[in-house]
Amino acid sequence: MDDVVKVNAFFMENDLEGVYNVATGKTVTINDLVNRILFMTDSQSEVEHLPERPGDIRHLQASTDKLHGAGIRCDANFAASLGATINFYK
């Protein structure tokens, strides 16, 4: 969330137009996300892996080239941001 605010403020102060991906450019797997949520919430939930479905996306990573070209980088810490989100919902 901090990066989203930072990017919005940057674009309000600069004369730039267009669509930009607000992302760090780093990948996070669904398994990693699930495991971190389970750990951070002390959940005992069981994870069920289902077969891949037609059309499922195996790998996705936002391109940050355009954002970097505008002179801004997102650097949020994934674990800290996830922890803040979990705490908000608690």
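Predicted, not measured: the structure shown is a model, and the values here were computed from it. (Residues numbered from 1 in each chain as written. Predicted model: local features only at pLDDT ≥ 70, side-chain atom pairs only at ≥ 80, totals over all residues. Heavy atoms only, no water.)

Caption draft 1: Broad picture of the overall build of the chain. From N to C terminus, the chain includes four helices and zero strands. On C-alpha atoms alone, the chain measures out to a radius of gyration of 16 Å, which is more than a quarter above the 12 Å that the 2.2 N^0.38 rule sets for 90 residues. Principal axes of the C-alpha set define a box for the chain whose edges measure 50 × 35 × 15 Å. With 90 residues in all, the chain has 17% of them scored as buried. Once local pairs closer than 6 in sequence are excluded, the contacts in the chain between residues at least 24 apart make up 82%. Carbon and sulfur atoms form 53% of the exposed surface of the chain, whose accessible area is close to 7600 Å². Looking at the chain, you have 8 positive and 13 negative side-chain charges, and the mean spots of the two groups are 3 Å apart. (Helix = DSSP H or I, 4+ residues; strand = E, 2+ residues; numbered from the N terminus. Rg over C-alpha atoms; globule rule 2.2 N^0.38 Å. Buried < 20%, exposed > 50% of the residue type's maximum accessible area, 1.4 Å probe, protein only. Contact = heavy atoms within 4.5 Å. Areas by Shrake-Rupley, 256 points an atom, 1.4 Å probe, with all protein chains shown as cover. Lys, Arg positive; Asp, Glu negative; His and termini not counted. Charge placed at Lys NZ, Arg CZ, Asp CG, Glu CD.)

Caption draft 2: Broad picture of helix α1 (residues 2–13). With 12 residues, α1 extends 17 Å from end C-alpha to end C-alpha; this agrees with the ideal 16 Å at 1.5 Å per step. Of all the positions in α1, only Asp 3, Val 7, Phe 10 and Phe 11 are classed as buried. Mapping the buried residues of α1 onto a view down its axis gives an arc of 90 degrees, with all of them on the same face. Exposed and oriented more than 90 degrees from the buried face of α1 are Asp 2, Val 5, Met 12 and Glu 13. (Expected span 1.5 Å × (residues − 1). Arc of directions from axis to C-beta.)

Caption draft 3: Examining the nonpolar core more closely. Counting residues in each nonpolar core, the largest one holds eight residues, listed as Val 7, Phe 10, Phe 11, Tyr 20, Leu 67, Ala 70, Ile 72 and Cys 74. Per-element accounting of this core gives the leading share, three residues, to α1. Ignoring anything within four residues of it in the chain, the contact list for Ala 70 reads Phe 10, Phe 11, Leu 16 and Tyr 20. (Core = buried A, V, L, I, M, F, W, Y, C linked by side-chain atoms within 4.5 Å.)

Caption draft 4: Up close: helix α4 (residues 78–89). In a regular helix each residue adds 1.5 Å, so 12 residues correspond to 16 Å; α4 covers 17 Å between its end C-alpha atoms and thus fits that length. Within the sequence span of α4, burial applies to Leu 82, Gly 83 and Ile 86. Angularly, the buried residues of α4 cover 100 degrees about the axis, an arc narrow enough to put them on a single face. For α4, exposure combined with an orientation more than 90 degrees from the buried face picks out Asn 87 and Phe 88. If you check the start of α4, you find a side-chain oxygen 3.1 Å away from the backbone N of Ala 79, and it comes from Asn 77. (Polar contact = N/O pair within 3.5 Å; in protein donor to acceptor, adjacent residues only side chain to side chain.)

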